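Listed here are the chains, written in short residue letters.
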Amino acid sequence: MAKRMLRTLIGASVLAAASFVQAAELPVVAITQIVEHPALDSVYEGIKDELAERGYVDGDNIRIIHESAQGNTGIAAQIARKFIGESPAVIVAIATPSAQTVAAAARNIPVVFSAVTDPVGAKLVISLDAPGANITGVSDMLPIEKHLDLLQRLVPNAKRIGTVYNPGEANAVALVDMLEESMKARDMVLVKAAATKTSEVLGASRSLVGKADAIYLTTDNTVISAAEAVISVGERSKIPVFAADTATVSRGAVAALGFNYYNHGRQTGAMVVRILEGANTADMPVETMDTLDLFVNPEAAARMGMTIADDIIAEAKKVVSNAK
């Protein structure tokens with residue numbers, strides 16, 4: 001009896017050890033994310049689902065590692081170094097700060113970025129058509145002109161538009177510069193408020209009261225992580241808040257004309273699969289997304305002292321309801 005139990009225990013130990021070795025030998029897909037908020041979380045889910053649909057299943061024939069830097073670039077750098085130690089088949093970097101830290105550390109490992117607004121300006125690639133090194137990915141460059149068209153339809157008399165942004169985030173600076181340039185041609189003025197961390201977003205938003213007719217939020221990760229702070233100021237001060245990403249509409253913004261970030265993740269996942277199957281990042285042009293969805297929130301609009309016209313509501317892919 002004792003011998004049978006011993007053999008059973010030895011057998012189980014051997015199987016467990018074999019499973020551990022097998023898992024350790026699976027190709028690693030390492031995914032780093034600068035911060036957790038609905039848009040970036042959707043990117044991650046889209047990547048995983050695309051990999052699985054194409055036959056790359058975590059724990060089966062690949063091993064997926066995923067970590068968030070919680071908005072801290074120092075932690076992002078630590079994650080990048082840790083991932084390199086895993087000798088992954090590919091590293092996926094979600095958002096510009098994570099992509100920059102990975103790019104600085106991973107010289108010989110394929111890197112695919114996602115949700116990076118200006119990969120050239122962030123010095124991740126030489127050009128969109130010919131990345132030129134071990135990095136490529138999917139850009140979420142915003143259609144600023146279309147966003148301003150929508151804002152002017154919703155608030156025709158708005159001339160001074162406020163925005164909160166992190167001057168230390170490359171994609172945020174690039175978008176603010178584009179926004180300011182586009183607004184000049186429309187005889188509009190951009191009122192900027194800086195927030196270098198999420199705890200500063202509320203104060204920056206309050207500084208716009210009395211100075212802005214409306215507030216527009218880009219895909220700045222620092223600000224979007226604390227979007228509720230901006231929205232609370234908009235509600236108290238009757239300043240309508242508009243967003244560049246549709247997920248923020250469910251959190252209380254008036255409207256957004258944006259990408260589906262889950263689909264953005266699926267597109268990123270497809271690029272990862274190509275690399276797993278032998279493609280060279282240097283030969284893979286940076287991809288963008290063309291399809292835009294309009295989300296509106298009439299109840300949020302009412303809380304901010306405005307009404308969304310019926311024809312705009314009729315155009316929306318989704319009408320959000322989150323009455324308080």
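Draft legend 1. Representation of the packing of helix H5 (residues 144-154) against helix H6 (residues 170-184). At a closest axis distance of 10 Å, the pairing of H5 and H6 adopts a crossing angle of 55°. Compared by their axis directions, H5 and H6 come out oblique. As H5 runs across H6, the sense of the crossing is right-handed. Contacts between H5 and H6 involve Ile144, Glu145 and Leu148 from the first element and Leu175, Met178, Leu179, Ser182 and Met183 from the second. Grouping the constituent residues of the contact of H5 with H6 by class yields 6 nonpolar, 1 polar and 1 charged.

Draft legend 2. Just the packing of helix H2 (residues 38-53) against helix H11 (residues 261-276), in detail. For the pair H2 and H11, the least separation of the axes is 6 Å and the interaxial angle reads 45°. Judged by the inter-axis angle, H2 sits oblique to H11. Handedness of the crossing formed by H2 with H11: right-handed. In this structure, H2 contributes Ala39, Ser42, Val43, Glu45, Gly46, Ile47, Asp49, Glu50, Leu51 and Glu53 to the contact, and H11 contributes Tyr261, Tyr262, His264, Gly265, Arg266, Thr268, Gly269, Ala270, Val272, Val273 and Leu276. Considered class by class, the residues forming the contact of H2 with H11 number 10 nonpolar, 6 polar and 5 charged.

Conventions used here
Residues numbered from 1 in each chain as written. Predicted model: local features only at pLDDT ≥ 70, side-chain atom pairs only at ≥ 80, totals over all residues. Heavy atoms only, no water. Axes fitted to C-alpha atoms, helices over the stretch in contact; angles between N-to-C directions. Helix = DSSP H or I, 4+ residues; strand = E, 2+ residues; numbered from the N terminus. Parallel < 35°, antiparallel > 145°, perpendicular 65-115°, else oblique. Left-handed = near helix turned anticlockwise from the far one by under 90°. Contact = heavy atoms within 4.5 Å. Nonpolar A, V, L, I, M, F, W, Y, C, P; charged D, E, K, R; others polar.

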